[in-house]
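Geometric and topological summary
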Amino acid sequence: MNKYFLTIFVSLSIFSSAQNIIFSHKAGFYDNPFYLKVSSTNSKILYSFENNINKRSNVFKDSLLIDKTTTISFGILKGDTLEKIESKTFLINFKTNFKVVSISIDNNFLFDFNTGIYVKGPRAWLDTVAGHYRNTNWERKWEREHFIEVFNEDGERIISNGAGLRIFGGMTKYYPEKSLRVIFRNLYDSTVTYADLFGAGSKKYKQFILRHSGNDYRNTRFKDAFLTSLAQESDLDIQKSSPCHLFINSEYWGVYNIREKINKYYIDNNYSCGTNGIDILQGYKTVDEGSSEDYQDLLNFIKKNSLSIQNNYQHIQQKMDVRNFINFWIHQIFYANHDARGNIRFWKSDSLDNKFRWIVYDTDLGFGPNRVNKDLLKDFTSSRMTDWYNPNWATFLLRNLLKSNEFKKDFILQSSYIFSTTLSTKNINKKIDEFVSRYDSEMQYHFNERRRFQPYQGSYKKWLSSVNDLRYFAEKRDENSYKHLEKKFNLSDSYILKINVLNDNGKVLINNNTLNSNELVGKFYKNY
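Residues numbered from 1 in each chain as written. Predicted model: local features only at pLDDT ≥ 70, side-chain atom pairs only at ≥ 80, totals over all residues. Heavy atoms only, no water.

This part takes up the overall build of the protein. Of the regular secondary structure elements, the protein holds eleven helices and 28 strands. Principal-axis analysis of the C-alpha atoms gives the protein an extent of 80 × 50 × 50 Å. The buried share of the protein, taken over its 528 residues, is 55%. Within the structure as shown, the protein displays about 23,500 Å² of accessible surface, and the carbon and sulfur contribution to it stands at 44%. (Helix = DSSP H or I, 4+ residues; strand = E, 2+ residues; numbered from the N terminus. Buried < 20%, exposed > 50% of the residue type's maximum accessible area, 1.4 Å probe, protein only. Areas by Shrake-Rupley, 256 points an atom, 1.4 Å probe, with all protein chains shown as cover.)

Here it is in structure tokens:
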């Protein structure tokens, strides 16, 4: 952690745009303690260390010593009228290359036994079969008001908004530590916020996620961000990720990942297609946005028409991005991500070509060292359900598309190409190195400093071991994946294709993929 933020104040007054209130220091990073002075010409200033300003809150009389990282919420009392102003976070001697997210919230909104969204609550009961509590507070779609600040890697405060806060996740919300969803509404401040959260310029966000890394939360804290970044190299849609340190009410909660929330704003941010005419579905055909009518028509057509007939397959090519679908399943199968069944996400937009495309989502249960030999290609193309993760509805599209010789050929060629490039051991290890370089010192701080989740957080030693598990999987998985491909499609006669690019005066395409490096050594099959 080697970035230092140094701000020198000689004589500075910072005016609130909403009220005539003067702050001696702005929210941000400081190397040394200081006295904060706040004044107003015609109002009484109130403050609290939670976002629970009321008429009984402390009166800010002159100055306050800020000698550690502190978040303070402010309000003004004019006569009998109280108005909340904002919260400000002052980070003292905190050095990082990550973003910082600071949340100010009424502590009862999180931990009150009856109303807190982070606790079991009074009606919870233990389901001994499932192994977790049911009817908990965190299962309810409760949303709590808070104030959120986001500081970018240069120490600039890029978000300072009132917003709503919810617990986020499927099964992972039953863990002691939980991911959070931030929601912007007029009720709190504004219906959306604009910020550059992912280094792609300022975008409009209705929501975003503060994710603790799901099932990986006690291990690398970056597995899904890592795996989806690999998938992005195959032109697949992913949720962008940006690591951050999270503070809640001045308390350090650790390393989280800011993630895009899949909604119509996500589609518009990534495709500039507007937010109208978008369908977003998940699982079998659950609607998140728009309608399932076109997708149901697609399924019905396949049920009634064999895709072994070329005209029928060409009809499907007009309804879905087939290459996108192939790449999606190649990655999920390579990752040995049996949880793909529960995390199928896909979308289309009337403003584009109206074709369905798939989003790589929640890969935390993939890439496990104990699954390096797992033949998910066999399972996800099985005509019968062999386990919980491959019911017929989840494998329906892939099984039927493989009846087309054109699709099967493309699936095999794409598998060979992606195994030799994006998912080669060399490329995966390069990507792991990038994440380790970025996270290493930050994770040491994470394990040393966080307190609330101390009994559940893992350790730096375990973190290193988890990174080595990723390397082990990368070392062994490509060989097994080729074996599974050969077994499934009866491939026997292979050859090694070597390509060296000697200049950059053009581009090289293989099976309609642009080669993004100067060389390729890949295993392909003479059958195709």
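Further remarks concern the nonpolar core. Counting residues in each nonpolar core, the largest one holds 86 residues, and the members touching the most others are Phe226, Phe407 and Phe411. Apart from the residues within four sequence positions on either side, phenylalanine 411 is in contact with Ile326, Ile330, Ile333, Leu377, Leu398, Leu402, Leu485 and Phe489. Counting 30 residues, the second largest nonpolar core, distinct from the first, contains Val101, Ile159, Trp253 and Tyr256. (Core = buried A, V, L, I, M, F, W, Y, C linked by side-chain atoms within 4.5 Å. Contact = heavy atoms within 4.5 Å.)

Taking 1.5 Å per residue as the helical rise, helix H6 (residues 322–334) with its 13 residues ought to reach 18 Å, and the 18 Å between its terminal C-alpha atoms agrees with that figure. The buried fraction of H6 is high, at twelve of 13 residues. Where H6 is concerned, the buried positions are Val322, Asn324, Phe325, Ile326, Asn327, Phe328, Trp329, Ile330, His331, Gln332, Ile333 and Phe334. Sitting at the amino-terminal end of H6 is aspartate 321, which places a side-chain oxygen 3.4 Å from the backbone nitrogen of arginine 323. Phi turns positive one or two residues past the end of H6, at alanine 336, with a value near 55°. (Expected span 1.5 Å × (residues − 1). Polar contact = N/O pair within 3.5 Å; in protein donor to acceptor, adjacent residues only side chain to side chain.)

Let us look at the sheet that holds strand S23 (residues 345–349). Here four strands make up an open sheet; going across it, the order is S22-S21-S23-S24 and the pairing antiparallel. In the strand order of this sheet, the two ends are held by strand S22 (286–289) and strand S24 (357–359), each with one partner. Averaged over neighbouring strand pairs, the angle between their axes works out to 30° when direction is ignored. With three bridges joining them, S23 and S24 adopt antiparallel strand pairing. Bridged to phenylalanine 346 within S24 is tryptophan 358. Each of strand S21 (278–282), S22, S23 and S24 touches helix H3 (residues 264–271); the most contacted strand, S21, lies at about 120° to it. (Pairing = 2+ DSSP bridges. Axes fitted to C-alpha atoms, helices over the stretch in contact; angles between N-to-C directions.)

Let us look at the sheet that holds strand S8 (residues 70–78). With mixed pairing, five strands are arranged side by side in an open sheet as S3-S9-S8-S5-S6. Strands with a single pairing partner mark the edges of an open sheet, and in this sheet they are strand S3 (28–30) and strand S6 (58–59). The sheet contact formed by strand S5 (residues 44–48) and S6 spans two bridges and is antiparallel. Looking across to S6, one finds that tyrosine 47 is bridged to asparagine 58.

The final tally for this structure, using the stated rule, is 48 aromatic pairs. Geometrically, the ring pair formed by tyrosine 118 and tryptophan 253 is edge-to-face, given 5.5 Å between the ring centres and 80° between the ring planes. Taken together, the residues span a long stretch of sequence, with tyrosine 118 in the loop between helix H1 (107–111) and strand S11 (125–127) and tryptophan 253 in strand S20 (residues 251–260) at a distance of 135 residues. The burial state of tyrosine 118 is the same as that of tryptophan 253; both residues are buried. Against the face of phenylalanine 23 rests lysine 88, its NZ or CZ located 4.6 Å from the ring centre. For lysine 120, the ring lying beneath its charged end belongs to tyrosine 133, and the centroid distance is 4.9 Å. (Phe/Tyr/Trp six-rings, centres within 6.5 Å; stacked < 30°, edge-to-face > 60°. Lys NZ or Arg CZ within 6 Å of the ring centre and 35° of its normal.)

Next up on the list: the environment of phenylalanine 453. When you line up the elements, phenylalanine 453 lands in the loop between helix H10 (425–449) and helix H11 (460–489). Along the chain, phenylalanine 453 and glutamate 177 lie 276 residues apart, while their C-alpha atoms are 6.8 Å from each other. Discounting residues that sit within four places of it in the chain, phenylalanine 453 has contacts with Tyr118, Pro176, Glu177, Trp253 and Tyr256.

Under the counting rule described, the total for this entry stands at 27 salt bridges. The salt bridge involving aspartate 350 is made with lysine 348; its shortest N-O contact spans 3.5 Å. Lysine 426 is the partner of glutamate 519 in a salt bridge, and the nearest nitrogen-oxygen pair spans 3.6 Å. Of this pair, glutamate 519 sits in strand S28 (residues 519–525) while lysine 426 sits in helix H10, and the two are 93 residues apart along the sequence. Classification of glutamate 519 as partly exposed rests on a relative accessible area of 43%. The class for lysine 426 is exposed, based on a relative accessible area of 64%. (Salt bridge = Lys/Arg side-chain N within 4 Å of Asp/Glu carboxyl O.)

Counting buried positions over the five residues of S21 gives four, a clear majority of the element. Looking at chain direction, S21 and S23 are connected through five bridges and run antiparallel. Bridge pairing in S23 links glutamine 282 to arginine 345. Here S21 pairs with S22 via three bridges, running antiparallel. In the strand pairing of S22, leucine 281 is matched with valine 287.

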